[in-house]
Amino acid sequence: MFAKKIVLLSVLLSFIVLVGGCETTKGIVTGVAEGMPKDVKNTWEGIKKADTWMRKNLW
């Protein structure tokens, strides 16, 4: 009986996630699509600054 309740709860929770997840997933994808180029640009600038610092101070 306990196992049936767990299975039923799991199915119900999965259904709620699937039904409610469409807009959530859309928001996440939009956020990643907008944030990824900024993150890559900032990371690249940081790498260039570190490289410049290393050339200046360690070479």
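Predicted, not measured: the structure shown is a model, and the values here were computed from it.

(A) Spatial organisation of the overall build of the chain. A tally of regular secondary structure across the chain gives one helix and zero strands. Relative to its full complement of 59 residues, the chain shows a buried share of 2%. Carbon and sulfur atoms make up 72% of the accessible area of the chain, which totals about 5,800 Å².

(B) Structural detail: the pattern of salt bridges. All told, the structure shown has two salt bridges when counted by the stated rule. Asp51 is the salt-bridge partner of Arg55, the closest N and O atoms lying 3.0 Å from each other. Placement of both Arg55 and Asp51 in helix α1 (residues 2-58) is noted, with a separation of four residues, approximately one turn of the helix.

(C) Inspection of a nonpolar patch on the surface at higher detail. Among the surface-exposed residues, Val32, Met36 and Val40 lie close enough to one another that they form a single nonpolar patch of about 270 Å² accessible area. Mapped onto the fold, Val40 is located in helix α1.

What counts and what doesn't
- Residues numbered from 1 in each chain as written.
- Predicted model: local features only at pLDDT ≥ 70, side-chain atom pairs only at ≥ 80, totals over all residues.
- Heavy atoms only, no water.
- Helix = DSSP H or I, 4+ residues; strand = E, 2+ residues; numbered from the N terminus.
- Buried < 20%, exposed > 50% of the residue type's maximum accessible area, 1.4 Å probe, protein only.
- Areas by Shrake-Rupley, 256 points an atom, 1.4 Å probe, with all protein chains shown as cover.
- Salt bridge = Lys/Arg side-chain N within 4 Å of Asp/Glu carboxyl O.
- Patch = residues over 30% accessible without salt bridge, like charges linked within 9 Å, V, L, I, M, F, W, Y side chains within 5 Å.

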